[in-house]
Amino acid sequence: MIALGSDHGGFYLKQELMKHLEERGLEYTDYGTYSDASCDYPVYGKAVAHAVADGECEKGIIICGTGIGISISANKVPGVRAALCGDCFSAEMTRLHNDANILALGARVVGPGLAIKIVDTFLDTPFSGDERHVRRIKQIED
Ligand code: RB5
């Protein structure tokens, strides 16, 4: 199960991503927001972060205008490693090296075509499991 969340800035990109996930046969839960009315990104970043940290969802995708505010908010929740990615290389590396469990996107930064490629790369790349990366991830939590 994938947790989705956005503020108003990410609302329309989230609709595109929901369509894409459905086409791929992937299940998701939408934690809001549910319209393009102005709202506060920490509410939705933290809702997705708790869903992932509590084990309700394996991964999350969060979107705001830049992806910055919502990723900062999600990363306040222990156990969350939210990575803001604007390219596929970063999305691949953050899975391989950081075992990122939430992808953050900026809807005013990347278009829907690139965003979908970034999402697929993020979802389809496993954590490397290399000892040095496990050690460094543990140091983040210490
Ligand atoms: C909302 O206007 C905007 O500030 C928000 O979507 C995000 O970019 C914050 O980091």
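Let us look at the environment of G79. Within the element layout of this structure, G79 appears in the loop between helix 3 (68-74) and strand 4 (82-84). Residues contacting G79, with those up to four places away along its chain left out, are N101 and E141.

What follows concerns the confidence of the model for the protein chain. For the protein chain, the mean per-residue pLDDT works out to 98, and 100% of the residues sit at or above 70. Taken element by element, the protein chain is modelled with least confidence in helix 6 (residues 131-141), mean pLDDT 96, and with most confidence in strand 5 (residues 102-106), mean pLDDT 99.

Turning next to the nonpolar core. L17, I61, L103, L105, I118 and V119 are the most contacted members of the largest nonpolar core, which has 20 residues in total. Of all the elements in the fold, those that place two or more residues in this core are strand 1 (2-6), helix 1 (11-23), strand 3 (59-64), strand 5 and helix 5 (112-124). Considering every element that reaches this core, the biggest residue donor is helix 5, with 5 residues. If we skip the residues at most four places from it in the chain, V119 touches L17, L21, I61, L103 and L105. Counting 17 residues, the second-largest nonpolar core is a separate cluster that includes Y44, C57, C64 and A104.

What follows deals with the site of the ligand. In the vicinity of the ligand, the contacting residues are D7, H8, Y41, C64, G65, T66, G69 and R108. Interatomic distance of 2.8 Å between a backbone N/O atom of G65 and an oxygen atom of the ligand. A distance of 3.4 Å separates an oxygen atom of the ligand from a polar side-chain atom of R108. Contact with the protein chains hides 71% of the accessible area of the ligand, taken as 290 Å² for the molecule alone. Partitioned by chemical class, the residues of the shell around the ligand number 2 nonpolar, 4 polar and 2 charged.

With that settled, consider the state of the cysteines. In total, this model carries 0 disulfides according to the counting rule given. Distance from the sulfur of C39, which forms no disulfide, to the nearest cysteine sulfur (C64) is 10.0 Å. The structure places no disulfide on C88, whose sulfur is separated from the nearest cysteine sulfur, that of C85, by 9.2 Å. On the accessibility criterion, C88 (25% relative accessible area) is partly exposed.

Once that is clear, we can look at the pairing of strand 5. The side chains of a regular strand alternate between the sheet's two faces. Here strand 5 lies mainly inside the structure; 5 of its 5 residues are buried. Here strand 5 shows two buried faces, one formed by I102, A104 and G106 and the other by L103 and L105. Here 5 bridges tie strand 3 to strand 5, and the two strands are oriented parallel to one another. Residue pairing in the sheet places I61 in a bridge with L103 of strand 5. Direction of pairing for strand 4 relative to strand 5: parallel, over a ladder of 3 bridges. Note on strand 5: the bridge partner recorded for A83 is L103.

Below, the discussion takes up the pattern of salt bridges. Once their charged atoms are close, side chains differing in charge can pair, the charge on each being opposite to the other. Inspection of every chain in the model, using the stated rule, returns 9 salt bridges. Of the charged contacts in the structure, one is a salt bridge between R81 and D99, with a shortest N-O distance of 3.6 Å. With a gap of 18 residues between them, R81 in the loop between helix 3 and strand 4 and D99 in the loop between helix 4 (88-96) and strand 5 connect regions that are remote in the sequence. In this structure, the salt-bridge partner of E131 is R135, at a minimum N-O distance of 3.0 Å. Of the two residues, E131 and R135 both sit in helix 6, 4 residues apart, roughly one turn of that helix.

Criteria and cut-off values
- Residues numbered from 1 in each chain as written.
- Predicted model: local features only at pLDDT ≥ 70, side-chain atom pairs only at ≥ 80, totals over all residues.
- Heavy atoms only, no water.
- Helix = DSSP H or I, 4+ residues; strand = E, 2+ residues; numbered from the N terminus.
- Contact = heavy atoms within 4.5 Å.
- pLDDT = per-residue confidence, 0-100.
- Core = buried A, V, L, I, M, F, W, Y, C linked by side-chain atoms within 4.5 Å.
- Buried < 20%, exposed > 50% of the residue type's maximum accessible area, 1.4 Å probe, protein only.
- Near = heavy atom within 4 Å.
- Polar contact = N/O pair within 3.5 Å; in protein donor to acceptor, adjacent residues only side chain to side chain.
- Areas by Shrake-Rupley, 256 points an atom, 1.4 Å probe, with all protein chains shown as cover.
- Nonpolar A, V, L, I, M, F, W, Y, C, P; charged D, E, K, R; others polar.
- Disulfide = S-S within 2.5 Å.
- Pairing = 2+ DSSP bridges.
- Salt bridge = Lys/Arg side-chain N within 4 Å of Asp/Glu carboxyl O.

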